[in-house]
Amino acid sequence: MDEQPAMTELIADELRLIRSNVPGARGGITATSDGLLLAQDVTGIEPTQIAALVAAMHAVASRASLSTDCGQLREVITRGSDGYLAVYAAGGAAIVAVLGASDMNVALLNLQARKMIDRIAEHAAGLTRRPPPGPAAAEAVSAAGPGAPGEPGQPDDGDAGGGEGAAPLPARRPDEG
């Protein structure tokens with residue numbers, strides 16, 4: 001367990017670096033693809049809520065990118081009337097979001113973020129999701145077929161359509177046709 005606090009502090013250091021190196025960057029968070037907060041460098045907002053929203057945004061953008069043959073999502077940037085929200089994929093285990101003022105230089109952010117994202121992905125590499133042990137997990141992976149997301153050795157594309165932890169669909173009775 002000593003590894004977890006050290007990892008989150010290293011990630012928080014990276015978030016502080018982006019804020020200090022990019023004029024207009026207001027802060028950032030790092031979350032898991034499930035929306036759990038890993039580290040944060042924000043003030044004035046609730047980071048756990050932002051982590052959940054950013055994970056949902058990442059999942060939808062990932063699915064859209066794959067469905068339109070654009071490949072694996074790297075980033076999605078939202079511009080609002082009062083600033084920017086940039087969301088970056090950081091390996092298979094983490095998502096990084098950077099909040100910026102409306103005058104933030106997005107090109108400079110993207111340049112600086114590339115280095116930060118690579119380091120955060122390295123720090124968070126041990127956080128990849130695995131099915132819980134037991135027969136139900138083995139059946140779920142087998143039912144999904146070979147090469148399915150969540151199967152050991154396969155990438156998790158942030159499936160927005162349910163995925164791990166989603167409630168299973170009820171089975172149909174034979175007379176329901």
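Residues numbered from 1 in each chain as written. Predicted model: local features only at pLDDT ≥ 70, side-chain atom pairs only at ≥ 80, totals over all residues. Heavy atoms only, no water.

J.: What exactly am I supposed to notice about the side chain of Thr32 here?
T.: Secondary-structure assignment places Thr32 in the loop between β1 (25–31) and β2 (37–41). Those residues in contact with Thr32 that sit more than four places away from it in its chain are Leu38, Ala55, Ala93 and Ile95. (Helix = DSSP H or I, 4+ residues; strand = E, 2+ residues; numbered from the N terminus. Contact = heavy atoms within 4.5 Å.)

J.: What am I meant to see in the pattern of salt bridges here?
T.: The tally for this structure, following the rule as stated, stands at 5 salt bridges. Residue Arg119 is joined to Glu14 by a salt bridge in which the shortest nitrogen-to-oxygen separation is 2.8 Å. Of this pair, Arg119 sits in helix α3 (residues 106–123) while Glu14 is found in helix α1 (residues 3–21), placing the two residues 105 residues apart along the sequence. You can call Arg119 partly exposed: its relative accessible area is 33%. Judged by relative accessible area, which is 8%, Glu14 ranks as buried. Between Arg114 and Glu75 there is a salt bridge whose closest N-O contact spans 2.6 Å. (Salt bridge = Lys/Arg side-chain N within 4 Å of Asp/Glu carboxyl O. Buried < 20%, exposed > 50% of the residue type's maximum accessible area, 1.4 Å probe, protein only.)

J.: What am I meant to see in helix α2 (residues 47–67) here?
T.: Residues spaced three or four apart along an α-helix face the same direction, because each turn holds 3.6 residues. Here α2 spans 30 Å end to end across 21 residues, near enough to the 30 Å set by a 1.5 Å rise per residue. Buried within α2 are the following residues: Pro47, Ala51, Val54, Ala55, His58, Ala59, Ala61, Ser62 and Ser65. Those residues of α2 that are buried are in contact with β1, β2, β3 (75–80), β4 (83–90) and β5 (94–101). (Expected span 1.5 Å × (residues − 1).)

J.: Is there a simple way to think about the pairing of β2 in this case?
T.: Side-chain positions along a regular strand alternate between the two faces of the sheet. Across 4 bridges, the pairing between β1 and β2 is antiparallel. From the neighbouring strand, Thr30 faces β2, where its bridge partner is Ala39. Where β1 folds back on β2, the antiparallel hairpin that results is connected by 5 residues, among which Gly35 adopts a positive phi of roughly 90°. (Pairing = 2+ DSSP bridges.)

J.: Quick question: what am I supposed to make of unusual backbone geometry here?
T.: Generally, phi is negative for residues other than glycine and the peptide bonds are trans, each holding for most cases. Backbone geometry at Asp69 places phi at a positive 60°, although glycine is not the residue there. Considering the arrangement of structural elements, one finds Asp69 in the loop between α2 and β3. Of the residues examined, Asp69 reaches a relative accessible area of 73% and is grouped as exposed.

J.: Teacher, can you tell me more about the environment of Arg74 here?
T.: Residue placement: Arg74 occurs in the loop between α2 and β3. Among the residues examined, Arg74 registers a relative accessible area of 64% and is labelled exposed. In this structure, the C-alpha to C-alpha distance between Arg74 and Gly91, residues 17 residues apart in sequence, is 9.2 Å. Among residues more than four places away in sequence, those in contact with Arg74 are Val87, Tyr88 and Ala89.

J.: Would you take a moment to explain the sheet that holds β2 for this structure?
T.: Within a sheet, each strand pairs with its neighbour through backbone hydrogen bonds, oriented either parallel or antiparallel. Pairing is antiparallel in the open sheet, where 5 strands are placed in the order β2-β1-β5-β4-β3. Edge positions in the open sheet fall to β2 and β3, since each of these has one partner strand only. Mean inter-strand twist for the sheet, computed between neighbouring axes without regard to direction, equals 15°. Relative to the sheet, α3 contacts β1, β3, β4 and β5, its axis offset from that of β4 by approximately 30°. (Axes fitted to C-alpha atoms, helices over the stretch in contact; angles between N-to-C directions.)

Just distances and angles here, no functional claims.
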